[in-house]
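# Structural description and commentary
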Amino acid sequence: MVTTDTVTIKQNVQQILNELPDGAQLVAAAKTREPREILEAVAAGIRIIGENYVQEAERACREIGGRAEWHFIGHLQKNKVKKAVEIFDMIETVDSSEIASEIDKRCAQAGKTMPVLIEINSGRETGKAGVYPEDAEQLIREISTLKNIRVMGLMTMGPLFKKPEDARPCLAETRRVFDRIKELNIPNVEMKYLSMGMTSSYHIALEEGANVIRIGSKIFGERGYKD
Ligand SMILES: *Cc1c(COP(=O)(O)O)cnc(C)c1O
């Protein structure tokens, strides 16, 4: 696997932080990275770590713990929810009422409330996670009644195009859904975060209204394998 040295991680983080508009947040997408690398990113100013795998997060969290916040950005399986509820400060990828109910149940047992984002399948790709844009409102209305969950916005990956510019319409549509649901003022729903944009697309995502971006490669270097 290609790794990136300390100086580079620091420079990368600082460069992205300098580009970030006021009020926007940078999540370091840490999949496949060693705790040592993640710690370097934290030392450089990262406040939020995004993890795709509960087990990987558990290991990193043991070493890094409260020095950062932890966002779950992968596909959450029901049998991992209990552990996820212990580790994470936000779950960005809720896309069904089943998984929302399980999170709610486990949070009730743990005595906490989990902020969640609704994942949008903005490219309408079959087999991909997320709800279609037109189904977001219905899902949010359903899970807004759960006591131990708080919907706080939307997240999308968007399709991976060769030309990042091609993803713009998907990001723009997600933004429109975000704005529309915000205007509905659904009780117990606070549309605050719009999480979209990765290494190849974050400039476009920010132009389209993202206030959370999730960056991996541009911080840590190219991943050798396993996406
Ligand atoms: C890996 C990943 C990212 C970051 O991707 P890069 O292209 O490495 O910046 C962002 N969001 C999610 C959900 C990811 O899995």
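Residues numbered from 1 in each chain as written. Predicted model: local features only at pLDDT ≥ 70, side-chain atom pairs only at ≥ 80, totals over all residues. Heavy atoms only, no water.

## Thoughts on helix H7 (residues 168-184)
For clarity, the cut-off: Segments assigned H or I by DSSP are reported as helices when at least four residues long, segments assigned E as strands when at least two residues long, and all are numbered from the N terminus. Multiplying one less than the number of residues by 1.5 Å gives the expected span of a helix. Here the term buried applies to any residue with accessible area under 20% of the maximum for its type, exposed to any over 50%, and partly exposed to those in between, with areas from a 1.4 Å probe on protein chains only. By definition, residues are in contact when any of their heavy atoms lie within 4.5 Å.
Here H7 is 17 residues long and its end C-alpha atoms lie 25 Å apart, about the 24 Å a rise of 1.5 Å per residue gives. If you check which residues of H7 are buried, you get Cys170, Leu171, Ala172, Thr174, Val177, Phe178 and Ile181. Taken together, the buried residues of H7 touch strand S5 (114-120), helix H6 (136-143), strand S6 (149-156), strand S7 (189-196) and helix H8 (202-207). Following H7 by one or two positions, Asn185 has its phi on the positive side, about 45°.

## Some remarks on the pairing of strand S8 (residues 212-215)
Selection rule: At least two DSSP bridges between two strands are required for those strands to pair.
What you see with S8 is no split at all: Val212 and Arg214 on one side and Ile213 and Ile215 on the other are buried throughout. In this sheet, S8 lies alongside strand S1 (residues 25-29) in parallel orientation, the contact comprising 4 bridges. By the bridge assignment for S8, Ala28 is matched with Ile215.

## Some details on the site of the ligand
Which entries qualify depends on this criterion: One heavy atom suffices: a residue is near a molecule or strand as soon as one of its heavy atoms comes within 4 Å of it. We call two N or O atoms a polar contact when they sit within 3.5 Å, provided that within protein one can donate a hydrogen and the other can accept it, with sequence-adjacent residues counted only if both atoms are side-chain atoms. Surface exposure here means Shrake-Rupley accessible area, sampled with a 1.4 Å probe, where a residue is shielded only by the protein chains that are shown. Amino acid classes used here: Ala, Val, Leu, Ile, Met, Phe, Trp, Tyr, Cys and Pro are nonpolar; Asp, Glu, Lys and Arg are charged; the rest, including Gly, are polar.
Around the ligand lies a shell of 13 residues, among which Lys31, Asn52, Thr199, Gly216 and Ser217 are the nearest. In the environment of the ligand, an oxygen atom lies 2.7 Å from a nitrogen or oxygen atom belonging to the side chain of Ser217. For the ligand, whose accessible area on its own is 390 Å², the fraction buried by protein is 93%. Class assignment for the residues of the shell around the ligand results in 6 nonpolar, 4 polar and 3 charged.

## Observations concerning the packing of aromatic side chains
Note the threshold: Only the six-membered ring of Trp is used, alongside the rings of Phe and Tyr, when aromatic pairs are assigned; centres must lie within 6.5 Å, and planes under 30 degrees apart are stacked while those over 60 apart are edge-to-face, with the rest tilted. Charges are assigned to positions over rings by a cutoff of 6 Å between ring centre and Lys NZ or Arg CZ, combined with an angular limit of 35 degrees from the ring normal.
Within this structure, the stated rule accounts for 1 aromatic pair. Taking the centre distance of 5.2 Å and the plane angle of 70° together, the rings of Phe72 and Phe88 count as edge-to-face. You can see Phe72 sitting in strand S3 (residues 69-72) and its partner Phe88 sitting in the loop between helix H4 (81-87) and strand S4 (90-94), a full 16 residues away along the chain. Assessed through its relative accessible area of 1%, Phe72 is described here as buried. Sitting over the ring of Tyr132, Arg124 keeps its end group 5.6 Å from the ring centre.

## Some words on the pattern of salt bridges
Counted only if it meets this: Take a side-chain nitrogen of Lys or Arg and a carboxyl oxygen of Asp or Glu: if they are within 4 Å of each other, that pair is a salt bridge.
Taken as a whole and judged by the stated rule, the model has 17 salt bridges. A salt bridge links Glu137 to Arg141, with the nearest nitrogen and oxygen atoms 3.0 Å apart. Of this pair, Glu137 and Arg141 both sit in helix H6, 4 residues apart, roughly one helical turn. A relative accessible area of 38% means that Arg141 is categorised as partly exposed. Of the charged contacts, one joins Glu207 and Arg168 as a salt bridge, the two residues approaching to 2.8 Å between their closest N and O atoms. With Glu207 in helix H8 and Arg168 in helix H7, this pair connects stretches of sequence that are 39 residues apart. A residue is classified by how much of its surface remains accessible, and Glu207, at 55% relative accessible area, is exposed.

Without other data, these values stay purely geometric and don't point to any function.
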